[in-house]
Amino acid sequence: MKEYLDSDRVNFLIWRYLIEGNYRETAVKFQKEWHVEKPHRELDFAQHVKSHALVNVINKGLLYNSLEREHAQSQQVPRDAAAAALAEAMQLGIFGPLLAHPPPQLQEQQQQRPAEEMDQDDEAETEIGTTETVAALPASAGGDVENNRKRQIDRQPQAPLLNGSPAKRPRLSNGYENGVDAATTPMEIDGQNHHGDNHAYPSPQEGEQAPTPAPRTDGPEQGTQVEKVEELTTETTFIPLGPGLDDALTSSPTTAVARINGESAPVVLHCQWHPRDPTILAAAGTDALARIWNVSRGATTDPASDGHVNGVAPNFHTLVEDDIQPRATVTAMAWNWDGTAIAVATDSDSKARINLWTTEGAHIQRFEVTEPPVIKLRWNPNDAAILGIAPDNGGTLIMVYHALIPNSMTYFLPGHDLDSDPLDAAWTSESDFLLCGGDLLMALRCADGEITETRRFETREGDSLTQVHFDPSTSLVATCGEKGFVDIWDSSGKRREIEAHCDVVTALAWQPLQQPPSSGDERLLASGGDDGAIFIWNALAPDGKAKCSMTMGPPIVALAFTPDGAFIAGATSERILIWKVGDHSIPRASWSRAPHPGWLSPRMNPESEEEDEHCLGWDATGHKLAYGVNSRLAIINFR
């Protein structure tokens, strides 16, 4: 039967098209005039609508229109002027006279443009493929359609990519055994022509999946250059998290991961590389998981692993004391800036504790906390003190401990509920820091053995702040919240707001600098959101426009710059894409967790389709990426 159609359904298809095409300002205006605040959440049918649905519907409509014309032509034999006029009318399509190719003027213009790569979500398989929309071409049923399509593709020249490598021929569909619709993807209905198509929506990460290319290096200042999107699936090492390491070492990597990361494996809540040593990785989570591993670059793949996963059990140090219960949870973890110590906060038997450890696993200091959990740990710039945030007697307690002596200072926020409005913190100097959460943004100072409030900032009404990040090179502060705004604050407290995302901002990060910025330089800030978009902003620009944007589709769960600031990784619950900063047209590398047997362990909440916790971080060289989610911890070799 015919599917029901109303204005909300049409509007949703148009809104999704604008979002997928990065016409975000237009999408926001359209959304306001539509009077639907969150279409993807408020409309019950939204969850069933697949990517590129509008283009899919239009393409199928064009195909149906073509079949209609051909059927009418087959029923008419022109014998007089009226019949001839009818036959001529049959050569008119939705957009006028039928053209097998674009007009010469348009073709010349498009030949001057760089070829654009796009990512098509294939309903039959998850892959990165070239997807394009071209002018409607008259089609015939059965084998004639297939033959015409093949002949057209064979006549087409291959377009060069931006970096000079030849493009692959478009992938043909797998036949028309089940009819035309069953054999094509939304963007494969018509022929494919790199010079003559009108891309329905540009998407920065799209390109056809190719074998992993050999990298070439133009020197350390150039970074790694690759021919196409590099697939990092084969460059993945999984770290076992549970007990039974002796058994794991005698098994194949795949078997080891399956046995160790089973139902009893702990859930990873935090993973952080040593700030200076790229071989040291710390991770912590549930079931008293708190370890420091010595990680070498990817072990040799075992034949039993089927060539796509390395399972290793590297040496590690445990960062929990003997009296910590096996079901304890590590609620926060943080390296100090020079990597000489790591702070670990535990929640065991409703008792909270902060311990300091050396890189070798030696215990340094212990601080008892009145009420669990400690949700944040932040070292000050000179590593002399560490800040912690925990609930206390119906409010929130801010604690600052000296690293080497058992002295502490506290500040109490009465009535602040950490469950509804979690707090974030950022040091702005050796003695000053910011607190951020809900409608609260305030500056505090540690002096003369106490913590005092120095300033409270006016925040946006109705918004709930979630993160705060300080940039010492410019003294700018960036905050974000649940309404999709990113705010830039200068040292005087003046706020400049950026309407960044259509939904919650989930990730925020300053680009690391190798040297202090000079006058006129840009200061880049990256944001990611529930809307699946990643934006890079120049925090010094007054116009509030994004410098560049990338779209991943599903919500962004984490962002991470390499320490040299050359690359940025964006993660969803299913994959990771890596771009070179300043060249966002196509990712340099892609990683997907779908084919990995190491991801088959259960989730924290089996009834939920979304993961509960994600952590992502680069090592000190920017060569390896750690990605943790639920009971799995992967190390991905990038360069």
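This text follows the structure it describes.
In this text the structure is predicted, and so the values were computed from the model without any measurement.

K.L.:
Hey, could you go over the overall build of the protein for me, with residue numbers and the actual values?
P.N.:
Each helix and strand counted, the protein has ten helices and 38 strands in total. Scored against the burial criterion, the 639 residues of the protein give a buried share of 52%. Contacts spanning at least 24 positions in sequence make up 54% of the contacts within the protein whose residues lie at least 6 apart. With the model as given, the accessible surface of the protein reaches about 30,200 Å², and the carbon-plus-sulfur share is 50%.

K.L.:
Talk me through unusual backbone geometry; I want residue IDs and the actual numbers.
P.N.:
The omega torsion of the bond from Pro 372 to Pro 373 falls at 0 degrees, within 30 degrees of zero and hence cis. In this fold, Pro 373 is placed in the loop between β15 (363-369) and β16 (376-379). If you check the backbone angles, Asp 383 has positive phi at about 65 degrees while not being a glycine. For Asp 383, the location among the structural elements is in the loop between β16 and β17 (385-392).

K.L.:
Residues and numbers for the pattern of salt bridges, please.
P.N.:
Going through the model one piece at a time under the given rule, you end up with 21 salt bridges. When the shortest N-O distance is used, the salt bridge between Asp 503 and Arg 41 registers 3.0 Å. Linking Asp 503 in the loop between β27 (495-499) and β28 (505-510) with Arg 41 in helix α3 (residues 39-42), this pair joins segments that are 462 residues apart in sequence. You can call Asp 503 buried: its relative accessible area is 2%. Across the salt bridge formed by Arg 353 and Glu 368, the nearest N and O atoms sit 3.4 Å from each other. In this pair, Arg 353 is assigned in strand β14 (residues 351-357) and Glu 368 in strand β15, connecting sequence segments 15 residues apart. Salt bridges linked by common partners bring Glu 321, Asp 323, Arg 353, Arg 366 and Glu 368 together as one network.

K.L.:
Summarise the side chain of Asp 383; cite the residues concerned and give the values.
P.N.:
The buried charged residue Asp 383 lacks any salt bridge partner; its closest oppositely charged side chain belongs to Arg 276, at an N-O distance of 6.7 Å. The contacts of Asp 383, once residues within four sequence positions are left out, are Asn 336, Trp 337, Asp 338 and Ala 403.

K.L.:
Please give an account of the sheet that holds strand β7 (residues 268-273) that cites residues and values.
P.N.:
Strands sit in the order β7-β8-β9-β11 across an open sheet of four strands; the sheet is antiparallel. Each edge of the sheet is formed by a strand with only one pairing partner; in this case those strands are β7 and β11 (316-318). Here the average twist between neighbouring strands, direction ignored, is 20 degrees. Note: β7 against strand β8 (residues 280-285), five bridges, orientation antiparallel. Counted as the bridge partner of Gln 272 is Ala 282 from β8.

K.L.:
Tell me what's going on with helix α2 (residues 24-34), and back it up with residues and numbers.
P.N.:
An α-helix turns once per 3.6 residues; consequently, residues spaced three or four apart project the same way. Within the sequence span of α2, burial applies to Arg 24, Ala 27, Gln 31 and Trp 34. End-on view of α2: buried residues confined to an arc of 80 degrees, all on one side of the axis. Exposed residues lying more than 90 degrees from the buried face of α2 are Glu 25, Lys 29, Lys 32 and Glu 33. Buried residues belonging to α2 abut α1 (7-20), α3, β30 (533-538) and β31 (546-551). Taken from the residues just after α2, His 35 is the one with a positive phi, measuring 65 degrees.

K.L.:
Summarise the pairing of strand β21 (residues 432-437); cite the residues concerned and give the values.
P.N.:
Side-chain positions along a regular strand alternate between the two faces of the sheet. Among the six residues of β21, six are classified as buried, and the element is accordingly described as predominantly covered. Covered by surrounding structure in β21 are Asp 432, Leu 434 and Cys 436 together with Phe 433, Leu 435 and Gly 437, the residues of both alternating faces. By the bridge criterion, four bridges tie strand β20 (residues 424-427) to β21 in an arrangement that is antiparallel. In the strand pairing of β21, Ala 426 is matched with Leu 434. Remark: four residues form the turn of the hairpin made by β20 and β21, two consecutive strands paired antiparallel. Both β21 and strand β22 (residues 440-447) contribute to a ladder of six bridges, which runs antiparallel. Paired with Cys 436 across the two strands is Leu 441, which belongs to β22. Between β21 and β22, which pair antiparallel one after the other, the connecting turn spans two residues, and Gly 438 there sits at a positive phi close to 65 degrees.

K.L.:
Requested: an account of the environment of Gly 553, with residues and values cited.
P.N.:
Its place among the elements puts Gly 553 in the loop between β31 and β32 (558-561). Under the relative-accessibility criterion, Gly 553 is labelled partly exposed at 47%. Placed 23 residues apart in sequence, Gly 553 and Asp 530 show a C-alpha to C-alpha distance of 9.2 Å. If we ignore the near neighbours within four places in the chain, the residues touching Gly 553 are Asp 531 and Gly 532.

K.L.:
Give me the lowdown on α1, citing residues and values where you can.
P.N.:
Given a rise of 1.5 Å per residue, 14 residues ought to cover 20 Å, and the 20 Å separating the end C-alpha atoms of α1 matches this to within 8%. Along α1, the residues classified as buried are Asn 11, Phe 12, Leu 13, Trp 15, Arg 16, Leu 18, Ile 19 and Glu 20. Lining the buried residues of α1 we find α2, α3 and α4 (53-74). The first or second residue beyond α1 is Asn 22, which carries a positive phi of 65 degrees.

K.L.:
Explain the environment of Asp 323 to me, and be specific about the residues and the numbers.
P.N.:
By the secondary structure assignment, Asp 323 is in the loop between β11 and β12 (329-335). Using a relative accessible area of 43% as the deciding quantity, one classes Asp 323 as partly exposed. Along the backbone, Asp 323 and Ser 348 are 25 residues apart, and their C-alpha atoms lie at a distance of 9.3 Å. A distance of 3.1 Å separates the side chain of Asp 323 from the side chain of Arg 353, its partner in a polar contact.

K.L.:
Which residues make up the sheet that holds strand β24 (residues 465-471), and what values go with them?
P.N.:
In a beta sheet, neighbouring strands are held together by backbone hydrogen bonds and run either parallel or antiparallel to one another. In space, the four strands of this open sheet follow the order β24-β25-β26-β27, with antiparallel pairing throughout. What marks the edges here is a single partner per strand, and that holds for β24 and β27. Pairs of neighbouring strands in the sheet enclose a mean axial angle of 20 degrees, with direction left out of account. Judged from the five bridges that link them, strand β26 (residues 485-489) and β27 form a sheet pairing that is antiparallel. Across the sheet, residue Phe 485 finds its bridge partner in β27, namely Glu 499.

K.L.:
Before we move on, could you go through the nonpolar core and cite the residues and values that matter?
P.N.:
In this structure, Ile 576, Ile 578, Leu 616, Leu 625 and Tyr 627 are the most contacted members of the largest nonpolar core, which totals 20 residues. For this core, the elements supplying multiple residues, two or more each, are β32, β33 (567-571), β34 (575-580), β35 (589-592), β36 (614-618), β37 (624-629) and β38 (632-637). Look past the residues within four positions of Ile 578 in its chain and what remains in contact with it is Leu 232, Phe 567, Ile 568, Ala 569, Pro 587, Arg 588, Ala 589, Trp 618, Leu 625 and Phe 638.

K.L.:
So, the packing of α1 against α4: which residues are in play, and what are the values?
P.N.:
Interaxial distance between α1 and α4 falls to 8 Å at its minimum, and their mutual angle equals 115 degrees. For the pair α1 and α4, the contacting residues are Leu 13, Ile 14 and Tyr 17 in the first and Ala 53, Leu 54 and Val 55 in the second. Looking at the contact of α1 with α4, its residues break down into six nonpolar, no polar and no charged.

Criteria and cut-off values
- Residues numbered from 1 in each chain as written.
- Predicted model: local features only at pLDDT ≥ 70, side-chain atom pairs only at ≥ 80, totals over all residues.
- Heavy atoms only, no water.
- Helix = DSSP H or I, 4+ residues; strand = E, 2+ residues; numbered from the N terminus.
- Buried < 20%, exposed > 50% of the residue type's maximum accessible area, 1.4 Å probe, protein only.
- Contact = heavy atoms within 4.5 Å.
- Areas by Shrake-Rupley, 256 points an atom, 1.4 Å probe, with all protein chains shown as cover.
- Salt bridge = Lys/Arg side-chain N within 4 Å of Asp/Glu carboxyl O.
- Lys, Arg positive; Asp, Glu negative; His and termini not counted.
- Pairing = 2+ DSSP bridges.
- Axes fitted to C-alpha atoms, helices over the stretch in contact; angles between N-to-C directions.
- Arc of directions from axis to C-beta.
- Expected span 1.5 Å × (residues − 1).
- Polar contact = N/O pair within 3.5 Å; in protein donor to acceptor, adjacent residues only side chain to side chain.
- Core = buried A, V, L, I, M, F, W, Y, C linked by side-chain atoms within 4.5 Å.
- Nonpolar A, V, L, I, M, F, W, Y, C, P; charged D, E, K, R; others polar.

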